[in-house]
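What follows is the residue order along each chain.
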Amino acid sequence: MNVIGYVIAIVILAIIIVFTAKGIKIVPESRVYVIERLGKYSQGLQSGLNFINPFFDRVAKVISLKEQVVDFPPQPVITKDNATMQIDTIVYFQITDPKLYTYGVERPLAAIENLTATTLRNIIGDMTVDQTLTSRDTINTAMRAELDEATDPWGIKVNRVELKSILPPEDIRVAMEKEMKAEREKRANILEAQAKKESAILVAEGNKQAAILNAEAEKETAIKRAEGQAQAILAIQKAQAESLRVLSEADPSQKVLTLKGLEAFQKVADGKATKIIIPTELSGLASLATSFAELNQKVELKKE
C-alpha cells in the first residue's frame, strides 16, 4: 500500500507540475497573448512573465504589435476619362487593440485588401490619367485617411499607404512615350537655338570690341603721325628761321646772295617742274649760262 501511495503521490505531483508549467506564460517583447476563459475573452498578456489558469484559460491568439507591411497585387481601376489602369498598393499598419483585432473582423488582412481596392477605385474614379500619374502624394494621403478611419473599429491603425506602381493601358503608354520623346526633342532644339544665339551674340560682341580697338589704334596712330609731322615741320621752320637770322646778322655780300640763289635754282632744276623761273638778281649772263649748263648736265646724268 505504501508503494501504491507513493506512486499516486508522484503522479499527482507530476500532474501539478505539468499544469503549473502550462499556467506560466512568458510573452516576448512586442507580442500580446489573447487569453480566453471558457471560450470568452479574459485578458491580454503583455510581454514578460505571466500566469494563467491552466484548467480554464487558453491562448486564443498571438498578436504582434510591430508595424506590418502588406503588398497587395495590382488592382484594375477605371479613371474619370474611362482608362483602365493597373495600380498596386503597399499598406503599412499597426495593431493598437489586440481584442478588437481578434474579435472585430474575420480575416483582417483580406478585409484591409478589399477595403484598399474599393477606396482606390473611389479616389481614382474622380481623376483623369494625367492627374493619376502626377498626384501620387495626394492619392496616398487620401487613402491613408480613409483606411485609418475604416480600420479603427478593428483595432488597426494605418500609418502609411504607398502606390507602388501605376500602369496605364498600352496605347496610352505608347502615346506618352511619343509625347515625352517630342518634349525632349523640343527642349534639345530650344537649348541648341539658345546656344547658337549666345554664340552669335558673343561673336558680334567680339567683333564690336575688335573694331573699337582697331579704330582707337588707328586714331592713336594718326594722332602720333600728325604730331610727328608737326614736330618735323616745326623743326624745319625753326631751322630755316635760325638760318635766316644768322644770315641776316652776318650781313652777306652780293656774291653770297648770288651763290644762295644758284643753290635754290639747282634744287628747282632737280625737281620735275617743267617751268623754271630765273631770278633777276643773278649778276651776269655768263655766270648764269655756266650755272645753267652745269644743272643740265646733272639732270642728264640722273636720267641716265
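Residues numbered from 1 in each chain as written. Predicted model: local features only at pLDDT ≥ 70, side-chain atom pairs only at ≥ 80, totals over all residues. Heavy atoms only, no water.

**Regarding the overall build of the protein**
- For the protein, the count of helices and strands is eight helices and nine strands.
- The long-range share in the protein, meaning contacts at least 24 apart out of those at least 6 apart in sequence, stands at 63%.
- For the protein, the exposed surface amounts to about 21,600 Å²; the carbon and sulfur share of it is 59%. (Helix = DSSP H or I, 4+ residues; strand = E, 2+ residues; numbered from the N terminus. Contact = heavy atoms within 4.5 Å. Areas by Shrake-Rupley, 256 points an atom, 1.4 Å probe, with all protein chains shown as cover.)

**Looking at the packing of helix H3 (residues 108-124) against helix H5 (residues 136-151)**
- Remark: H3 packs on H5, axes separated minimally by 10 Å, with the N-to-C direction vectors making an angle of 135 degrees. As the angle between them shows, H3 and H5 are arranged oblique. Classified by chirality, the crossing of H5 by H3 is right-handed. In this structure, H3 contributes Ile112, Leu115, Thr116, Thr119, Leu120, Ile123 and Ile124 to the contact, and H5 contributes Ile139, Ala142, Met143, Glu146, Leu147, Ala150 and Thr151.
- In terms of residue class, the contact of H3 with H5 is made up of 10 nonpolar, three polar and one charged. (Axes fitted to C-alpha atoms, helices over the stretch in contact; angles between N-to-C directions. Parallel < 35°, antiparallel > 145°, perpendicular 65-115°, else oblique. Left-handed = near helix turned anticlockwise from the far one by under 90°. Nonpolar A, V, L, I, M, F, W, Y, C, P; charged D, E, K, R; others polar.)

**Description of the packing of aromatic side chains**
- Here the structure, examined in full by the defined rule, presents one aromatic pair.
- Residues Tyr41 and Tyr103 carry aromatic rings whose centres are separated by 6.0 Å and whose planes lie at 80 degrees to one another, so their mutual orientation is edge-to-face. Highlighted residues: Tyr41 in strand S3 (residues 40-45) and Tyr103 in helix H2 (residues 98-103), separated in sequence by 62 residues.
- In this structure Tyr103 comes out as partly exposed when scored by relative accessible area, which is 38%.
- Against the face of Tyr92 rests Arg160, its NZ or CZ located 4.1 Å from the ring centre. (Phe/Tyr/Trp six-rings, centres within 6.5 Å; stacked < 30°, edge-to-face > 60°. Buried < 20%, exposed > 50% of the residue type's maximum accessible area, 1.4 Å probe, protein only. Lys NZ or Arg CZ within 6 Å of the ring centre and 35° of its normal.)

**Description of unusual backbone geometry**
- Even without being a glycine, Ser30 presents a positive backbone phi close to 65 degrees.
- For Ser30, the location among the structural elements is in the loop between strand S1 (24-27) and strand S2 (31-37).
- The exposure class assigned to Ser30 is partly exposed, which follows from its relative accessible area of 25%.
- Phi angles above zero are rare outside glycine, and Leu38 is one such case at about 55 degrees.
- The topology assignment puts Leu38 in the loop between S2 and S3.

**A short note on the nonpolar core**
- Judged by nonpolar contacts, the single largest core of 30 residues is most densely connected at Ile87, Leu120, Ile139 and Met143.
- Among the secondary structure elements, those contributing two or more residues to this core are strand S8 (84-95), H3, H5 and strand S9 (156-167).
- In terms of residue count, the dominant contributor to this core is H3 (six residues).
- Sequence-distant contacts of Ile139, defined by excluding residues within four places in its chain, comprise Leu120, Ile123, Ile124, Met127, Thr132 and Leu163.
- In terms of nonpolar packing, the next biggest core, distinct from the first, is built from five residues, Tyr33, Ile35, Leu45 and Ile52 among them. (Core = buried A, V, L, I, M, F, W, Y, C linked by side-chain atoms within 4.5 Å.)

**Side note on the side chain of Thr151**
- Take Thr151: it is sitting in helix H5.
- Looking at Thr151, its side chain comes within polar contact range of the main-chain oxygen of Leu147, at 2.7 Å.
- Contact partners of Thr151, with chain neighbours within four places excluded, come to Ile112, Leu115, Ile156 and Val158. (Polar contact = N/O pair within 3.5 Å; in protein donor to acceptor, adjacent residues only side chain to side chain.)

**Overview of empty space enclosed by the protein**
- Scanning all chains against the criterion turns up two cavities of 30 Å³ or more.
- What the largest cavity holds in volume is close to 40 Å³.
- Forming the boundary of the largest cavity are Phe72, Pro73, Gln75, Ile87, Asp88, Thr89, Glu113, Thr116, Ala117 and Leu120.
- For the lining of the largest cavity, the secondary structure elements donating two or more residues are S8 and H3.
- It is H3 that provides the largest number of residues to the lining of the largest cavity, a total of four residues.
- Among the residues making up the lining of the largest cavity, the classes are represented as five nonpolar, three polar and two charged. (1 Å grid on protein atoms, 1.4 Å probe; cavity = no way out; pocket = protein on both sides within 12 Å on 5 of 7 lines; lining within 4 Å. Points joined across faces, edges and corners; volume = space filled by probe spheres on them.)

**Thoughts on H5**
- Here H5 contains 16 residues, and its C-alpha end-to-end distance of 22 Å stays within 8% of the 22 Å for a straight helix at 1.5 Å per residue.
- Considered for burial, the residues of H5 that qualify are Ile139, Asn140, Met143, Leu147, Asp148 and Thr151. End-on, the buried residues of H5 take up no more than an arc of 150 degrees, which puts them together on one face. Facing away from the buried side of H5 by over 90 degrees, the exposed positions are Asp137, Thr141 and Glu149. (Expected span 1.5 Å × (residues − 1). Arc of directions from axis to C-beta.)

**A look at H3**
- Helix length check: H3, at 17 residues, gives a terminal C-alpha distance of 24 Å against a target of 24 Å (1.5 Å per residue), a fit within 8%.
- Where H3 is buried, its residues contact strand S7 (75-78), S8, H2, helix H4 (129-134), H5 and S9.

**Looking at the UniProt feature "transmembrane region" (unreviewed entry) in the protein**
- According to UniProt, the feature "transmembrane region" (unreviewed entry) maps to residues 6-24 in the numbering used here.
- Helix makes up 95% of residues 6-24 and strand makes up 5%, while its end C-alpha atoms are separated by 27 Å. (UniProt positions renumbered as here; feature names shortened; annotations may be inferred.)

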